[in-house]
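Coordinate analysis (summary)
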Amino acid sequence: MNPDAEAEQFVRAHTRLSTTPLLPELPLHLSDDVVDLWERMTDRAAALGTTVELPYWASSWPGGQAVARYVLDHPDLVVGKRVLDVASGSGLIGIAAARAGAAHVQVNDIDKLCEASALVNAAANGVTVEPLTDDILDATTDADVVVVGDAFYAKGLADRMLPFVRRAARAGALVLVGDPGRAYLPQPRTDWRRVATYRIPVTDLEQGEVKVTGVWRLRARSLPLRAEQQRDAYQPRRARAAGRSVAGRGRANRKP
Ligand SMILES: C[S@@+](CC[C@H](N)C(=O)[O-])C[C@H]1O[C@@H](n2cnc3c(N)ncnc32)[C@H](O)[C@@H]1O
């Protein structure tokens, strides 16, 4: 079987089409037990000779849900526009943008299973997205709209995401970032304006039952930002209980 078909089949086999309370109109192929799936992915990785990544694609993270909700409720922001969803996971924000009327949507994630997941989810929503699996964070995008959900949970990724989105904003893109207060969300956010806040029920991957999650719009004129980090690093509750650190597992968490 070719690798793309195998990846799509894997996504379909380990998820079910479901919705979240915030996005009842956006069905996605998600897993009910991401930690269990993560453990079962070891077999696949051994067979393919790849590394095991946390299956980010099998959940819709609060930051992504928030931006997807905001885009669906403000279609004027994306209608007829070229949209780039960076660190796209399941592709939910890009798919929301496509459903809201974007002319062209690219979803970018370095995990091949995220590409497969976005394609499977786009098909479930009757829209088309173009996957990009190159690491583009050191490049400049010419997209009209850049959307980012939940990408400030790891220092290595946050340190590269911030300059990427600030370059995009300076080049004229509308940049929307959704985040539930992850450890490496930039502080202070003098060039960010909060445009929405949602209370999002979360799974047992997270601490607590609900995450208060913001959507920010970056101002084009960026002021110098100090990348202060909060001290408490994010780790899923069950991984902590098992004595594992997510920060040590995923490629996403490696310092480049
Ligand atoms: C917490 S998930 C968020 C997924 C989605 N945006 C959401 O909100 O549901 C973070 C994603 O960042 C991706 N990622 C990590 N490093 C990346 C990079 N250098 N370029 C693009 N995506 C990256 C991971 O593979 C993962 O899918």
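Now for a quick tour of the structure. Note that the structure is predicted; figures quoted are calculated from it, not measured. (Residues numbered from 1 in each chain as written. Predicted model: local features only at pLDDT ≥ 70, side-chain atom pairs only at ≥ 80, totals over all residues.)

**Some points on the sheet that holds strand β5 (residues 130–132)**
- Ordered in space as β5-β4-β3-β6-β7-β9-β8, the seven strands form an open sheet in which the pairing is mixed. Strands at the two margins of the open sheet, each flanked by one partner only, are β5 and β8 (192–201). Across the sheet, the mean angle from the axis of one strand to that of its neighbour is 20°, orientation sign disregarded. (Pairing = 2+ DSSP bridges. Helix = DSSP H or I, 4+ residues; strand = E, 2+ residues; numbered from the N terminus. Axes fitted to C-alpha atoms, helices over the stretch in contact; angles between N-to-C directions.)

**Quick look at the pairing of strand β7 (residues 174–179)**
- Most of β7 is tucked away: five of the six residues are buried.
- Across five bridges, strand β6 (residues 145–149) lies against β7 in parallel orientation. Each bridged residue has a counterpart across the sheet, and for Val146 the counterpart in β7 is Val175.
- Handedness of the crossover joining β6 and β7 through helix α6 (residues 155–170): right-handed.
- Pairing geometry for β7 and strand β9 (residues 210–218), over four bridges, is antiparallel. The residue of β9 that forms the bridge with Leu176 is Arg217. (Buried ≥ 20, exposed ≤ 12 C-beta atoms within 10 Å, placed from the backbone. Right-handed = clockwise from strand over helix to strand, strands pointing away.)

**Some details on the environment of Ala122**
- Topologically, Ala122 is positioned in helix α5 (residues 112–124).
- Expressed as a C-alpha distance, the spacing of Ala122 and Ala98, which sit 24 residues apart in the sequence, is 8.7 Å.
- Apart from the residues within four sequence positions on either side, Ala122 is in contact with Gly91, Ile95, Ala98, Val127, Thr128 and Val129. (Contact = placed C-beta atoms within 7 Å.)

**Focus: the environment of Asp191**
- Along the chain, Asp191 turns up in the loop between β7 and β8.
- A residue is classified by how many C-beta atoms lie within 10 Å of it, and Asp191, with 19 of them, is partly exposed.
- Linking Asp191 and Leu218, residues 27 residues apart in sequence, is a C-alpha distance of 5.9 Å.

**With respect to α6**
- Given a rise of 1.5 Å per residue, 16 residues ought to cover 22 Å, and the 23 Å separating the end C-alpha atoms of α6 matches this to within 8%.
- Buried residues of α6: Leu157, Met161, Leu162, Phe164, Val165, Ala168 and Ala169, and no others.
- On the buried face of α6, the contacting elements are β3 (82–86), β6, β7 and β9.
- Immediately downstream of α6, the backbone of Gly172 shows phi near 110°, a positive value. (Expected span 1.5 Å × (residues − 1).)

**With respect to helix α3 (residues 62–73)**
- With 12 residues, α3 extends 16 Å from end C-alpha to end C-alpha; this agrees with the ideal 16 Å at 1.5 Å per step.
- Of all 12 residues that make up α3, 10 are buried, and the element is covered over most of its length.

**Let's talk about unusual backbone geometry**
- Here the bond from Gln187 into Pro188 is cis, since omega is -10°, no more than 30 degrees from zero.
- Within the fold, Pro188 resides in the loop between β7 and β8.
- The phi dihedral of Ala87 is positive, around 60°, even though this residue is not glycine.
- Summarising the element assignment, Ala87 is placed in the loop between β3 and α4 (92–100).
- The exposure class of Ala87 is buried, given the 27 C-beta atoms found within 10 Å.
- A positive phi angle is found at Asp150, which is not glycine, with a value near 55°.
- The exposure class of Asp150 is buried, given the 27 C-beta atoms found within 10 Å.

**Section: the packing of helix α1 (residues 3–13) against α5**
- As a packed pair, α1 and α5 sit with axes 9 Å apart at the nearest point and diverge in direction by 70°. In this view, α1 runs roughly perpendicular relative to α5, as classed from their interaxial angle. Crossing geometry of α1 relative to α5 is assigned as right-handed. Counted together, Asp4, Ala7, Glu8, Phe10, Val11 and Arg12 of α1 and Lys112, Leu113, Ala116, Ser117, Leu119 and Val120 of α5 form the full contact between these two elements.
- Tallied by class, the residues present in the contact of α1 with α5 amount to seven nonpolar, one polar and four charged. (Parallel < 35°, antiparallel > 145°, perpendicular 65-115°, else oblique. Left-handed = near helix turned anticlockwise from the far one by under 90°. Nonpolar A, V, L, I, M, F, W, Y, C, P; charged D, E, K, R; others polar.)

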